[in-house]
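Next come the chains, spelled out residue by residue.
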Amino acid sequence: MNKLLLIYLFLLLVGCFYDPPRKGKEIFIHNQTDEYVYVTDSLLPTGNIRLYDTVLVNKKELMLAKGNYIPTFNQWIYFLPEVWYKDLKENNIHKFALYFITRNDFNKNYEVIKSNKLYQVYYIDLDDVMKNQLTHVFYFKDSILTEHTYDIESIRNKK
């Protein structure tokens with residue numbers, strides 16, 4: 001009986017420390033500009049930019065980051081859950097959008113941002129994200145690029 005109780009307690013403790021891997025893909029978004037940029041996956045019809053969204057996880061209400069301010073020459077990891085991917089594919093949607101809003105336009109409401117198109121929108125192919133090991137999005141002032149390889153090489157002068 002004592003052995004059974006010890007095994008049960010051991011499994012309970014191990015279960016508390018085990019965090020199963022998330023199902024989905026990470027998209028690394030790199031800000032390659034000298035100013036902050038705000039990134040989100042949706043623009044609401046009205047209101048102001050929201051930093052958080054409320055979701056239900058296992059019937060519990062949780063807060064998730066809706067978008068993120070990426071500092072100058074820095075990065076943020078956007079997570080695309082496998083459930084969202086499957087839902088989009090079932091609805092015959094093959095791409096999803098990322099909206100980039102510059103620091104000068106953060107504080108404006110959505111009506112102004114949308115009517116004056118104070119954002120850059122970038123569409124990413126869902127199948128490309130899911131089939132590739134890595135997805136990196138590089139945001140420049142004049143363009144946005146996607147790469148699926150990430151080889152770092154120093155560009156210092158060699159002596």
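Predicted, not measured: the structure shown is a model, and the values here were computed from it.

**Student:** I keep staring at the overall build of the chain and nothing clicks. Help me out?
**Tutor:** Per the secondary structure count, the chain includes four helices and ten strands. Here the chain holds 159 residues, and the buried ones make up 28% of them. Sequence-distant contacts in the chain: of pairs separated by 6 or more residues, those separated by 24 or more amount to 69%. Taken as a whole, the chain presents about 11,800 Å² of accessible surface, with 55% of it coming from carbon and sulfur.

**Student:** Help me understand unusual backbone geometry, please; the structure alone is not making it clear to me.
**Tutor:** Backbone phi values are negative for most residues with the exception of glycine, while trans is the configuration of most peptide bonds. Phi at Phe73 takes a positive value of approximately 45°, unusual for a residue other than glycine. Checked against the element boundaries, Phe73 lands in the loop between strand 5 (67-70) and strand 6 (75-81). Given the relative accessible area of 55%, Phe73 is considered exposed. At Asn92, a residue that is not glycine, the phi angle is positive and equals roughly 60°. When you line up the elements, Asn92 lands in the loop between helix 2 (82-90) and strand 7 (95-102).

**Student:** Even after reading the chapter, I still don't get the pairing of strand 10 (residues 144-147), so can you show me in this structure?
**Tutor:** Bridge analysis of strand 9 (residues 136-139) against strand 10 gives four bridges, and the strand direction is antiparallel. Across the sheet, His136 pairs through a bridge with Glu147, a residue of strand 10. Here strand 9 hands over to strand 10 after four residues, the two strands then running antiparallel side by side.

**Student:** So what exactly am I meant to see when it comes to the pattern of salt bridges here?
**Tutor:** It is possible for side chains bearing opposite charge to pair when their charged atoms get close. Scanning the entire structure with this criterion turns up five salt bridges. The closest approach of N and O atoms between Lys108 and Asp105, which form a salt bridge, is 2.8 Å.

**Student:** Please explain the sheet that holds strand 10 as it appears in this structure.
**Tutor:** Either a parallel or an antiparallel arrangement is found when strands of a sheet pair, and the pairing is made through backbone hydrogen bonds. In space, the four strands of this open sheet follow the order 6-1-9-10, with mixed pairing throughout. What marks the edges here is a single partner per strand, and that holds for strand 6 and strand 10. Each strand of the sheet is rotated relative to its neighbour by a mean of 20°, with strand direction disregarded. Pairing of strand 1 (residues 24-31) with strand 6, which is carried by seven bridges, proceeds in the antiparallel orientation. When the sheet's bridge partners are listed, Phe28 is paired in strand 6 with Ile77.

**Student:** Is there a simple way to explain the packing of aromatic side chains in this structure?
**Tutor:** Aromatic ring pairs are described here by two measures, namely the spacing of the ring centres and the angle between the planes. Counted according to the given criterion, the structure contains seven aromatic pairs. Note on Trp76 and Tyr78: the rings are 6.0 Å apart at their centroids and 75° apart in plane angle, and the pair reads as edge-to-face. Judged by its relative accessible area of 14%, Trp76 falls in the buried class. Between the aromatic rings of Phe100 and Tyr139, the centroid separation amounts to 4.8 Å while the plane-to-plane angle is 5°, which identifies the pairing as stacked. With Phe100 in strand 7 and Tyr139 in strand 9, this residue pair connects regions lying 39 residues apart in the sequence. Assigned by exposure class, Phe100 and Tyr139 land together as buried. Members of the aromatic cluster, joined through ring pairs, are Tyr38, Tyr69 and Phe106.

Quick notes on the rules
Within each chain, residue numbers correspond to sequence positions counted from 1 in written order. Residue-level local features of this predicted model are given only where pLDDT is at least 70; pairs of side-chain atoms are given and counted only at 80 or more, and the full residue set underlies all totals for whole chains, interfaces and linings. Water and hydrogen atoms play no part in the side-chain values, which are based on all heavy atoms of the structure. Numbering of helices and strands runs from the N terminus; a helix is a DSSP stretch of H or I covering at least four residues, while a strand is a stretch of E covering at least two. Exposed residues in this analysis have more than 50% of their type's maximum accessible area, buried residues have under 20%, and partly exposed residues fall in between, with area computed by a 1.4 Å probe over protein chains only. Whether two residues touch is decided by their heavy atoms; if any such pair falls within 4.5 Å, the residues are in contact. The method behind every accessible area is Shrake-Rupley, applied with a 1.4 Å probe, and residues are considered shielded solely by the protein chains displayed. Only strands joined by at least two bridges in the DSSP assignment are considered to pair. Salt bridges are counted wherever a side-chain nitrogen of Lys or Arg sits within 4 Å of a carboxyl oxygen of Asp or Glu. In this analysis, axes come from line fits to C-alpha atoms, helices being fitted only over the stretch in contact, and the angle between any two N-to-C directions falls in the range 0 to 180 degrees. Working definition: a ring pair exists when centres of Phe, Tyr or Trp rings (six-membered ring for Trp) sit within 6.5 Å. Plane angles under 30 degrees give stacked, over 60 give edge-to-face, the rest tilted.

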